Amino acid sequence: MSKPLLSVENLSIFTKSQKIVKDISFEIYQGEIFALVGESGSGKSLTALSVVDLLAKNLKKSGKITYKGTDLSHSKNIQNFRGAEIAFIFQDPTNSLNPIMTIGEQVDEVLALHTDLSKKQRKTRILTLFDQVDLDTSMQMYARYPHQVSGGQKQRVMIACALAGGAKLLIADEPTTALDVTTQKQVLELLLDLRKNQKLSILLITHDLSVVKLMADRVAVMHQGKIIESRDKTEFFKNPIEDYSKELLVTLPKGNRSGEFGEVLIDGNNVKVYFPIKTGLLRRTTDYVRAVDEINFTLQQGQNLAIVGESGSGKTTLAKAIMRQLDLYEGSLSISNKAISTYARKAYAAKVQIVFQNVTSSFNPRMRISQTLLEGLQVLNPTQATLGYIANLLQEVELDPELMHRYPHELSGGQLQRLSIARAISVNPQVIICDEPTSALDATVKVQILDLLLRLQREKGVSYIVITHDISIVDYFADHVIVMKQGKALESGSTNEILNNPKNNYTKALLSSVLS
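Residues numbered from 1 in each chain as written. Predicted model: local features only at pLDDT ≥ 70, side-chain atom pairs only at ≥ 80, totals over all residues. Heavy atoms only, no water.

Right, let's get into the overall build of the protein. The helix and strand tally for the protein stands at 20 helices and 20 strands. For the protein, the C-alpha radius of gyration of 24 Å lies close to 24 Å, the compact-globule estimate for 516 residues. By its C-alpha atoms, the protein is 70 × 60 × 45 Å across when sized along the principal axes. Across the 516 residues that make up the protein, the buried fraction comes to 51%. Considering only intrachain contacts with a sequence separation of at least 6, the fraction spanning at least 24 residues in the protein is 68%. About 23,900 Å² of surface is accessible on the protein, with carbon and sulfur atoms providing 47% of the total. (Helix = DSSP H or I, 4+ residues; strand = E, 2+ residues; numbered from the N terminus. Rg over C-alpha atoms; globule rule 2.2 N^0.38 Å. Buried < 20%, exposed > 50% of the residue type's maximum accessible area, 1.4 Å probe, protein only. Contact = heavy atoms within 4.5 Å. Areas by Shrake-Rupley, 256 points an atom, 1.4 Å probe, with all protein chains shown as cover.)

Structure below.
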């Protein structure tokens, strides 16, 4: 048998007080896709970061990491391997790209570091790389900044950067978590093509088993810092051995919602959110980006409304308009038959709350959880701004009250998501907007979070607006669905109608792109 490209033997990662990753071993061969799966906090990403020696300074590692026969465990020349031999695609491409450099310049930076090409040759090579990752090969794309391209395009730029250095091993840490289903499928198919055409090896870090099923050759399951099962993909999906592995394979059941709702809470009529395009020396408005264009909807008490669509379709912009973070260009939004603009800011914030997509960045890293929760309560619900009330809140979201004394970085993704929900319900709102509430969570935690939201709905009568690209959530959680593309509502109706009898071709394409 051929020698492995990468070999990890008895790897442990630890702080001064605890062992986080515990004596794990695995191998990756040329042209192979090896998936490392498990819940948030299991040590997957730390394992990947240790391969290229990018661990935080307070973390230490032991064990042996070998790449093409070279020991990288304590190599002083690790910089020679990063980019040139081993490339990393991070979970959030927005945070990985420099906002003040064009995407062409960022790929050029990699080429300048790892090749001897002239500037003119590098520009030609960049356009070739753009073609390889299915990006527009025009100079307009080269000259765009990260904020001017979609999430899927940013991830393609990251893949182009990885290919620019000529890497043979690609470490992909949750490469499609933030992408809608159509873009997700395109990016995964691109990675499969690159593996086939360039004999690329991939270490795939993910919690999404549908991605593993499509991509991987072998699977290792991590739980509490240990690899508890490592097998061929087909064998794993056919007959998982460990109980935890069986839990990961759980799928969301079909929804069984009552369909009986109360009075109309939010009414959106001909909602338009436009952003001006200013040109010329005097920066006159010459046109508009129609981010949300003529959207009509209602949300009743106890009802769950799902807004689905690809990245850039206007879903989050509509949510921001409902939250009063963006002004309407035209149309109206009202809550309880009263225009949202007539409410005082504090009074409105007590009625409508949001659970953000990126929970980690929605908590102040320098404040303990108790301080963060008290901060909001002191403004919107001062009579309840006590540690006793926070302890009760944490119990409501099924967390140990002792966690209030911790900092955000000491908690897992699932725990932070529960705390984000606790913060939202702390002021007893009528409506909670959930922006991709489970996109970064594994299957077991996803079910727990959705069941928690539904239990809180039964107890408190709250209504939800869910922004998502995960169709399994829509089926389980939502009563009504709006399908958006390029700012417009292409189709809306009951969940059953939209999922089982879609009328619009785009909706049909969206549903057919869902990985199973």
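Examined against the element boundaries, Gln155 turns out to sit in helix H7 (residues 151–164). Judged by its relative accessible area of 1%, Gln155 is buried. Dropping the residues within four chain positions of it, Gln155 is found in contact with Ile89, Phe90, Gln91, Pro93, Pro175, Leu179 and Val187.

On to the packing of helix H5 (residues 119–132) against H7, then. It is the contact of H5 with H7, at a shortest axis distance of 9 Å, that shows an interaxial angle of 125 degrees. Classified by the angle their axes make, H5 and H7 are oblique. In the crossing of H5 with H7, the sense of the turn from one axis to the other is right-handed. The residues of H7 that touch H5, namely those facing Arg125, Leu129 and Gln132, are Ala160, Leu163 and Ala164. (Axes fitted to C-alpha atoms, helices over the stretch in contact; angles between N-to-C directions. Parallel < 35°, antiparallel > 145°, perpendicular 65-115°, else oblique. Left-handed = near helix turned anticlockwise from the far one by under 90°.)

Time to look at the sheet that holds strand S2 (residues 19–28). Here 4 strands make up an open sheet; going across it, the order is S2-S1-S4-S5 and the pairing antiparallel. Two strands in the sheet have a free side with no partner beyond their single neighbour: S2 and strand S5 (70–71). (Pairing = 2+ DSSP bridges.)

Counting residues in hydrophobic clusters, the biggest one holds 48 residues, and the most contacted among them are Val37, Val107, Phe130, Ile159, Leu170 and Leu204. Among all residues touching Val37, those that are not within four sequence positions of it are Lys44, Thr206, Leu209, Val212, Val219, Ala220, Val221, Met222 and Leu248. Grouped together as the second largest cluster of nonpolar side chains are 39 residues, Val359, Tyr389, Ile425 and Ile432 included. (Core = buried A, V, L, I, M, F, W, Y, C linked by side-chain atoms within 4.5 Å.)

By convention here, two paired aromatic rings are described through the distance between centres and the angle between planes. A full pass over the atoms with the stated rule returns 9 aromatic pairs. When the centroid spacing of 5.1 Å and the interplanar angle of 10 degrees are considered together, the rings of Phe26 and Phe34 count as stacked. By the burial criterion, Phe26 is buried, and Phe34 matches it. Seen in terms of ring centroids, Tyr288 and Tyr329 are 5.1 Å apart; in terms of plane orientation they differ by 55 degrees. Their pairing is tilted. (Phe/Tyr/Trp six-rings, centres within 6.5 Å; stacked < 30°, edge-to-face > 60°.)

The next point concerns the environment of Asn392. By the secondary structure assignment, Asn392 is in helix H15 (residues 387–396). Residues Asn392 and Ser426, spaced 34 residues apart in sequence, show a C-alpha to C-alpha distance of 10.0 Å.

Okay, the environment of Val273 next. Here Val273 shows up in strand S11 (residues 264–279). Judged by relative accessible area, Val273 falls into the buried class, the value being 1%. Along the sequence, Val273 and Lys320 sit 47 residues apart, while their C-alpha atoms lie 9.8 Å from each other. If we skip the residues at most four places from it in the chain, Val273 touches Val289, Arg290, Ala291, Val292, Thr317, Ala321, Leu326, Asp327, Leu328 and Tyr329.

If you roll a probe as big as a water molecule over the atoms, it shows you where there is empty space left. Counted according to the given criterion, the structure contains 1 cavity of 30 Å³ or more. Estimated volume of the largest cavity: approximately 40 Å³. Every residue lining the largest cavity is listed: Val308, Ile471, Val474, Val481, Val483, Ile498, Leu499, Thr507, Leu510 and Leu511. Elements with a contribution of two residues or more to the lining of the largest cavity: helix H18 (471–477), strand S19 (480–485), helix H19 (495–500) and helix H20 (505–512). Counted by class, the lining of the largest cavity contains 9 nonpolar, 1 polar and no charged residues. (1 Å grid on protein atoms, 1.4 Å probe; cavity = no way out; pocket = protein on both sides within 12 Å on 5 of 7 lines; lining within 4 Å. Points joined across faces, edges and corners; volume = space filled by probe spheres on them. Nonpolar A, V, L, I, M, F, W, Y, C, P; charged D, E, K, R; others polar.)

With that out of the way, let us pick up the domain arrangement of the protein. According to the domain assignment, the protein contains domain 1 (1–79 + 201–249) and domain 2 (263–513). The straight-line distance from the C-alpha centre of domain 1 to that of domain 2 is 34 Å. Buried surface at the junction of domain 1 and domain 2, summed over both partners, amounts to about 600 Å²; 55% is from carbon and sulfur atoms. Contact with domain 2 buries surface across domain 1, with Ser40, His207 and Leu248 losing the most and accounting together for 73% of the total. One can count 0 salt bridges joining domain 1 with domain 2. The tally of links between domain 1 and domain 2 comes to 0 residue pairs in polar contact (both at pLDDT 80 or more). (Domains from an automatic or database assignment. Buried area = accessible area lost by both parts, 1.4 Å probe. Salt bridge = Lys/Arg side-chain N within 4 Å of Asp/Glu carboxyl O. Polar contact = N/O pair within 3.5 Å; in protein donor to acceptor, adjacent residues only side chain to side chain.)

This part is about the environment of Leu499. Assignment of secondary structure puts Leu499 in helix H19. With relative accessibility at 18%, the residue Leu499 sits in the buried group. For Leu499 and Ile471, which are 28 residues apart along the polypeptide, the C-alpha to C-alpha distance reads 8.7 Å. Ignoring anything within four residues of it in the chain, the contact list for Leu499 reads Ile471, Val474, Asp475 and Leu511.

Its identity is not glycine, yet Lys199 carries a phi of approximately 50 degrees, on the positive side. By the element assignment, Lys199 lies in the loop between helix H8 (181–198) and strand S8 (201–206). The exposure class of Lys199 is exposed, given its relative accessible area of 56%.

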